[in-house]
Amino acid sequence: MAHRWKNDLSERDVTPEGAWLTRRGLMAGAGGLALAGLAGRAGAAEGLEPNTWEEITTYNNFYEFGTDKADPAQHAGAMTVSPWSVRIDGLVDRPADYALEDILSRMTIEERIYRFRCVEAWSRVVPWNGFELADLLQMAGVQNDARYVAFETHLNRDEMPGVRFPVLDWPYVEGLRLDEAMHPLTIMATGLYGRDLPNQNGAPLRLVVPWKYGFKSIKSVVRITLTAEEPPTSWNKANPREYGFYSNVNPEVDHPRWSQATERRIGAGIFARREPTLMFNGYADEVGDLYAGMDLTRFF
Ligand SMILES: Nc1nc2c(c(=O)[nH]1)N[C@H]1C(S)=C(S)[C@@H](COP(=O)(O)O)O[C@H]1N2
Ligand SMILES: [Mo]
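Residues numbered from 1 in each chain as written. Chains lettered and ligands numbered in written order. Predicted model: local features only at pLDDT ≥ 70, side-chain atom pairs only at ≥ 80, totals over all residues. Heavy atoms only, no water.

J.: Would you mind going over the packing of aromatic side chains with me for this structure?
T.: To describe a pair of aromatic rings, you give the distance between the ring centres and the angle between the ring planes. Following the criterion strictly, the structure yields 13 aromatic pairs and no others. Ring centres of Y148 and F245 lie 5.9 Å apart, and the angle between their planes is 80°; on these two criteria the pair is classed as edge-to-face. In this pair, Y148 sits in strand 5 (residues 148–153) while F245 sits in the loop between helix 8 (234–238) and strand 11 (262–265), placing the two residues 97 residues apart along the sequence. The same class applies to Y148 as to F245, namely buried. Where F280 meets Y291, the ring centres are 5.3 Å apart and the plane angle is 20°; that geometry is what we call stacked. Placement of the pair is F280 in the loop between strand 12 (275–276) and helix 9 (284–287) and Y291 in the segment after helix 9, with a sequence separation of 11 residues. Among the aromatic residues, ring-to-ring pairing joins Y148, F245, Y246, F280, Y291 and F299 into one connected group. In this structure, R195 packs its charged tip against the face of W53, placed 4.2 Å from the ring centre. (Phe/Tyr/Trp six-rings, centres within 6.5 Å; stacked < 30°, edge-to-face > 60°. Helix = DSSP H or I, 4+ residues; strand = E, 2+ residues; numbered from the N terminus. Buried < 20%, exposed > 50% of the residue type's maximum accessible area, 1.4 Å probe, protein only. Lys NZ or Arg CZ within 6 Å of the ring centre and 35° of its normal.)

J.: Would you take a moment to explain unusual backbone geometry for this structure?
T.: Most peptide bonds take the trans form, and the phi angle of most residues other than glycine is negative. A cis geometry characterises the amide bond from S82 onward to P83, with omega recorded as 0°. As for its placement among the helices and strands, P83 is situated in the loop between helix 4 (71–75) and strand 1 (85–90). Residue P204 is reached from A203 by a cis peptide bond, and omega for that bond is -5°. With respect to the helices and strands, the residue P204 is situated in the loop between strand 8 (195–196) and strand 9 (206–208). Of note in the backbone geometry, S220 takes a positive phi value of approximately 45° without being a glycine. A relative accessible area of 0% places S220 in the buried class. A positive phi angle, near 50°, is found at F280, a position not held by glycine.

Remember, this is a structural readout, not a statement about activity or role.
This is the structure:
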C-alpha cells in the first residue's frame, strides 16, 4: 500500500495485522461467547479484509481539527482524553456524569468488523472494538416517552484548531431514532485493532452506525441525551438540502452534487475499479425493517 497520506505515527505505532489476528484468536478463545454471537449477526462484513491501521488512522474527517484529511492525524493528538466522562441525561431514570472507567467496567467489549461508508463516496472496512449502545442506554434507564437519542462531541477551543472556522455550528451534534440507537449493530467504539482508539478516530468513545453515512458516527462523545423530539444534527443544520436526519447509505438516492451508486475503497489503489454501494451499506437484512413503509427519498 503506497503511503499516499501524511502519517505522523512512527512504524512502531503500527500494529502488524498478523499480531492483531493472533490476539484476536486468543480473545476468541477466552471470551468466545460474545464473539460467537457476533459472527452470525455481522454477516454482511464476513470475509471482508479490514483496511490497515495506517489507512484508518491517517485519512480522517474530524473537522474540529481541520478540514484536510491529514489534519486530524496531525492535530488531534493535542486533545485531552483522560479523564473523560459522558453526561447521560434527558428522559432517563439515572441521569449523571458517568466516568469513562465506570462505563467501561460495566460494558462488554467486542470486536466488530464493519464496512464504513462516508457520504463523500469513499469507504473502508474497520475492525472496531466497542460495546453496544443499547447496553449503555439501559444502564442509564430509558424512559417510556424517549423516542430519540442526541449526541454531542467534546469542544475545547484551545485544543481544536478547526473550530476557529465556522464550517459547522460547534459543538458537533448528531442524533438517532431510539430504535436505531438500540439496534445491536449500533456500537460505541473504544478501540481499533485491539488498541485504544486514536484521537483522530474519535477517542476515547465514538458512535459507529455502520448502515449510515460516516458523519452520523459522531466522535469523542461527551453527552448523550434521550429526547421526545428529533434532535438537531450538525450537517443537517449546515445544509438541510444535502444532508438529512436519517442519512442511511442508499445507492439509489444521490447526493445533490454526486452519485451515491458507487464508492472508492481506500487502499484499493488508483487503478482499482469503484465498487457498487450496497443498500444500507450491506446491512439491509439486519436493519431494513426499521424503515419499512418509509419513503427513503423523502427521509434521506
Ligand atoms: N465530532 C465529529 N465527528 C465526526 C466528524 C467530525 O468532523 N466531527 N466527521 C464525521 C465524518 S464525515 C466521517 S466520514 C467520520 C470519519 O471517521 P474516521 O475518521 O474514524 O474514519 O467521522 C464522523 N464523525
Ligand atoms: Mo464523512
